[in-house]
Amino acid sequence: MENSFDALVDEEQFDFEYTPHEEKMLLNFGPSHPATHGTLRLVMELDGEVITKVTPELGYLHHGFEKLGEYRSYNQVVTITDRMNYVSPLNNNFSYILAVEKLFGIEVTERAKYFRILLAELSRINDHLVCIGTQGVDLGAYTPFLYLWKERENIYQMFEIISGTRLTVSYARIGGVPRDRDNIPPVFFQKLDKFLATFEDTLDEVERLLTRNKIWLNRTKDVGVISKEDVLQYGLTGPVARASGVEWDIRQAEPYSLYDTVDFEIPVGEVGDVYDRYLVRMEEMRQSTHIIKQALEKMPEGEMNVDPDTKVMLPKKEDVYNSIEGLIHQFEIIMTNRGPRAGKGEAYVPTESPNGELSYYVISNGGNGPYRFRVRPPSFYNYQILPKILEGRLLSDTVAVLSSLNIIAGELDR
Amino acid sequence: MTEAKNVVVDRVKNAFPDQILDVSENLGETAISVKRDKIVDILRFLKEDNELKFDMFIDLCGVDYLEMGGFERFAVVYQLYSMEYNRRIRIKAFVPEGDEKIDSVVSLWAGANWAEREVFDMFGITFTNHPDLRRILCPDNFEGHPLKKDFPLEGIGYRENFLKVTRENAQ
Amino acid sequence: MAVESKLGENILTTTIDKFVNWSRKNSLWPMPFGTACCAIELMATLGPKYDMARFGAEAIRFSPRQSDLMIVAGRVSIKMMPILQKIYRQMSEPKWVISMGACASSGGVFNTYSTIQGIDNFIPVDVYVPGCPPRPETLIDAVLKIQKKIEKERSLSQKRA
């Protein structure tokens, strides 16, 4: 394979005729650019400042996640899943583990279900903070970025207490949570209370800076309007769909993991422009804090993981060291090419991630890992609408629209 | 819920009796395996029929059944959702090895465009009537289709094949 | 600095070297070539809690012509590698490269058909940062190591190795 440095913009491929006296120009909004959230590439045909055609190019972060998942066991795949949507990794983990638990036919304890809700909502807050912070930086508002990222540090500390890492948390196993981490230290709850006490004030401060700001309104109102018909045609989900007036949230339509016992409202927009998506995300963060408070109250005491006798969960450490059955049981789960095996079948559990509907289609062939590991990536389908809504707009609207769709390149390219 | 699912399966069976290969309703999910010949008509029926109304397109993917044994080697799986009746369905269209072609559903849902390009990229299944069928995730001069079961995980040498930039020729 | 080795090593050239190295190391302008999860930790390092501005590396410039330190944060795929090399060649001398994270240093978790198993196969790298993703303090330590490396350079008194 030739390594040619000049083959990046191939004019024949993009169907572009260069005529010297016309005014059209081909601009490469390249993969390495400050305003592309990750490695995206847009090849734009411009007529002055007005965009006439946009062709997105993907694949700059394609690493074969789906193929890699077929060569790992069920619990090892959890570590792969949180490198996809790396700003809200816990949502990925739980979404995958729900599909696998459905295949195995296992029901986790109530404490684990409420704890999963709590962590998933914290992760959702994390994602929206990144989206709004980077949206501000792209459009010139640097201060909200600093305020919001300081809140992210508080959330990172909480993740570090329960799992040891800040970003790639991998806090899900079949049957609950990792065996050595099922006792939550009280310091986690202290930090959580402190976070909940001050978070809404930070959100109010950011709202004061942005929501009625003349420059923000000028750059985001009526920019990148998505209609309801587009939502059904293109399969858009999440805040992008809700801002266009489609009132649909999987947590209420098809509840999983005891979401039907907490109540919260779904913010729905009217117009479907960038401003509406920003407002929907801000309101979703407030609803998430509401859900976290309810989950904290409702969480019962007791065991977090399922009983080890179901043969999917590692046994307690005392049993491993003091009894033969415990030792054999531990080896049967951990050693290479062993591990819990499901029967033949397939499972698909739709969940609501901060970007939209994220779900894993897991097919099992009776082995110790998935036979086919398919991710339904919300960013992939949300990104498809970009050429349609950018036609006829100005070049600087590209940045506003791209940051409002919240495209995470890891999930887009897998 | 089971009556609702039976409604779906019965209506599809009545409308296309000879296209259906298998119906399975495990774990609360309905999956219908069909032949690939009339896939556009089947999906249009599911989308527009008043009792079914599966108007939201959720996902499209490919599966290679080489080691597992299905009706044919490849399958294209469509996941659909009905906003009005709040139910889901999965349609699997089987594609034989050696003649990997199937009709494109871009005329029904515009969002299937890139998903079909990805199935072409990963499995080599061509979609007839697709407006722009070329590779989307792998580089354009990549040969081979990665997600097929006979493609090795470590690849066939593309990842070592680059110019080495050292400090001498670093400008 | 093409007059190196004609002047030889004496008090004048080594003092100028020390001054040049001091000014270069305290005002490194990084160019973040962030692709994946490590880019989020890079953003956190530049954020208010782990402040990289204390070490002079605050002015991030996304243009290769205006920067001297390239931080490759994240996994590099076969489609992205020519672009990385093009940008590296566009940077002007002197330049240094930090390979941040396990994926950039050696392929990391991904031993697949489309991941480069370590960018040092194709680009000269100065400091490798382990971790998946590395903590912000580790990245700051890497920048300090680059600063130590710059201190030892002798661009005027000896030919650059």
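These notes cover the structure that comes with them. (Residues numbered from 1 in each chain as written. Chains lettered and ligands numbered in written order. Predicted model: local features only at pLDDT ≥ 70, side-chain atom pairs only at ≥ 80, totals over all residues.)

1. Some details on the sheet that holds strand β3 (residues 96-100) of chain C
Residues and elements named next belong to chain C. We apply this condition: For two strands to be treated as a pair, DSSP must find no fewer than two bridges joining them. Secondary structure elements are defined from DSSP: runs of H or I of at least 4 residues count as helices, runs of E of at least 2 residues count as strands, and each element is numbered from the N terminus. The convention used is that axes are lines fitted to C-alpha atoms, helices contributing only their stretch in contact, and that angles between N-to-C directions extend from 0 to 180 degrees.
Spatial strand order, β1-β2-β3-β4: 4 strands in an open sheet with parallel pairing. The strands lining the two open edges of the sheet, one partner per strand, are β1 (30-34) and β4 (127-129). Strand-to-strand twist in this sheet, taken as the mean axis angle between neighbours without regard to direction, amounts to 20 degrees. Note that β1 and strand β2 (residues 69-73) share 5 bridges and pair parallel. Paired with Pro-32 across the bridge in β2 is Ile-71.

2. Quick notes on the environment of C:Ser77
Stated precisely, the cut-off is as follows: Placing a C-beta atom from the backbone of each residue, one calls two residues in contact when those atoms lie within 7 Å.
One can find C:Ser77 in the loop between β2 and α3 (81-90). The spatial distance from the C-alpha of C:Ser77 to the C-alpha of C:Pro130 is 19 Å, given a sequence separation of 53 residues. Setting aside anything within four residues of it in sequence, one finds C:Ser77 in contact with A:Tyr60, A:Leu61, A:His62, A:His63, C:Ser114 and C:Thr115.

3. Side note on the pairing of strand β3 (residues 56-64) of chain B
Residues and elements named next belong to chain B. Applicable threshold: For every residue, the other C-beta atoms within 10 Å of its own C-beta are counted; 20 or more classify it as buried, 12 or fewer as exposed, and values in between as partly exposed. C-beta atoms are placed from the backbone.
Burial within β3 is extensive, with 9 of its 9 residues counted as buried. Pairing analysis gives 8 bridges linking β3 to strand β4 (residues 74-82), with the strands arranged antiparallel. Opposite Cys-61, over in β4, you have Val-77 as the bridge partner.

4. Side note on α3(C)
Residues and elements named next belong to chain C. Cut-off, in case you're wondering: The arc in question is the one spanned by the directions pointing from the helix axis to the C-beta atoms.
Within α3, burial applies to Met-81, Leu-84, Gln-85, Ile-87 and Tyr-88. Considered in projection along α3, the buried side chains sweep an arc of 165 degrees and stay on one side of the axis. Lining the buried residues of α3 we find β1 and β2.

5. Details of the interface of chain C and chain B
Often the size quoted for an interface is simply the accessible area lost on bringing the parts together. Put simply, the rule is: Polar here means any residue other than Ala, Val, Leu, Ile, Met, Phe, Trp, Tyr, Cys and Pro, which are nonpolar, and Asp, Glu, Lys and Arg, which are charged; Gly is therefore polar.
Contacts between chain C and chain B engage 16 residues on the former and 15 residues on the latter. Its residues assigned to classes, the side of chain C that touches chain B shows 8 nonpolar, 6 polar and 2 charged.

6. A word on the sheet that holds strand β4 (residues 344-353) of chain A
All names here are of chain A. Read across the open sheet, the 3 strands follow the order β4-β5-β6; overall the sheet is antiparallel. Each having just a single partner strand, β4 and β6 (372-376) make up the two edges of the open sheet. Neighbour-to-neighbour, the strand axes of this sheet turn through a mean angle of 10 degrees, independent of strand direction. Two strands pair when backbone bridges link them, and strand β5 (residues 356-365) and β6 are joined in this way by 5 bridges, in the antiparallel orientation. When the bridges of β6 are listed, Ser-359 appears paired with Arg-376. Here helix α3 (residues 89-104) sits on the sheet in contact with β4 and β5, set at roughly 150 degrees to β4.

7. Topic: unusual backbone geometry
Excluding glycine, most residues fall at negative phi; most peptide bonds, likewise, are trans. A cis geometry characterises the amide bond from C:Glu93 onward to C:Pro94, with omega recorded as -10 degrees. Of the consecutive residues C:Cys132 and C:Pro133, the connecting peptide bond is found in the cis state with omega at -10 degrees. On the secondary structure map, C:Pro133 appears in the loop between β4 and α5 (136-151). One non-glycine residue with positive phi stands out, namely B:Asn129, at about 70 degrees. For B:Asn129, the position within the fold is in the segment after β7 (126-128). B:Asn129 gets classed as exposed once you count the C-beta atoms within 10 Å, which come to 11.

8. Quick word on the pairing of β6(A)
Counting buried positions along β6(A) gives 5 out of 5 residues, so the element sits mostly inside the fold. Hairpin connection, β5(A) to β6(A): the antiparallel pair is bridged by 6 residues, and A:Gly366 has positive phi, about 85 degrees.

9. Observations regarding the environment of A:Lys298
Residues and elements named next belong to chain A. Within the fold, Lys-298 resides in helix α11 (residues 274-298). Expressed as a C-alpha distance, the spacing of Lys-298 and Ala-172, which sit 126 residues apart in the sequence, is 21 Å. In contact with Lys-298, other than residues within four places in its own chain, are Tyr-114 and Thr-261.

10. Some remarks on the nonpolar core
Operational definition: Under the definition applied here, buried Ala, Val, Leu, Ile, Met, Phe, Trp, Tyr and Cys residues are grouped into a nonpolar core through C-beta atoms within 7 Å.
Counting residues in hydrophobic clusters, the biggest one holds 198 residues, and the most contacted among them are A:Ala99, C:Val72, C:Leu84 and C:Met100. By residue number, the principal contributor to this core is helix α4 (residues 110-138) of chain A, which donates 13 residues. Filtering out sequence-adjacent residues up to four positions away, C:Met100 remains in contact with C:Cys38, C:Leu42, C:Ile71, C:Val72, C:Ala73, C:Val129, C:Pro134 and C:Leu139.

11. Quick word on the packing of helix α5 (residues 143-163) of chain A against helix α6 (residues 186-210) of chain A
All names here are of chain A. Which entries qualify depends on this criterion: What sets the label is the angle itself: under 35 degrees gives roughly parallel, over 145 gives roughly antiparallel, 65 to 115 gives roughly perpendicular, and the rest give oblique. Left-handed describes a crossing whose near helix is turned anticlockwise from the far helix through less than a right angle; right-handed describes the clockwise counterpart.
α6 packs onto α5 with a crossing angle of 165 degrees between their chain directions and a minimal axis gap of 10 Å. The orientation of α5 with respect to α6, classified from their angle, is roughly antiparallel. Crossing angle aside, the handedness with which α5 passes α6 is left-handed. Counting all contacts with α5, which are made through Thr-143, Pro-144, Tyr-147, Leu-148, Glu-151, Asn-154, Gln-157, Met-158, Ile-161 and Ile-162, the residues of α6 involved are Val-187, Phe-188, Lys-191, Leu-192, Phe-195, Phe-199, Thr-202, Glu-205, Val-206, Leu-209 and Leu-210. Residues of the contact of α5 with α6, tallied by class, amount to 14 nonpolar, 4 polar and 3 charged.

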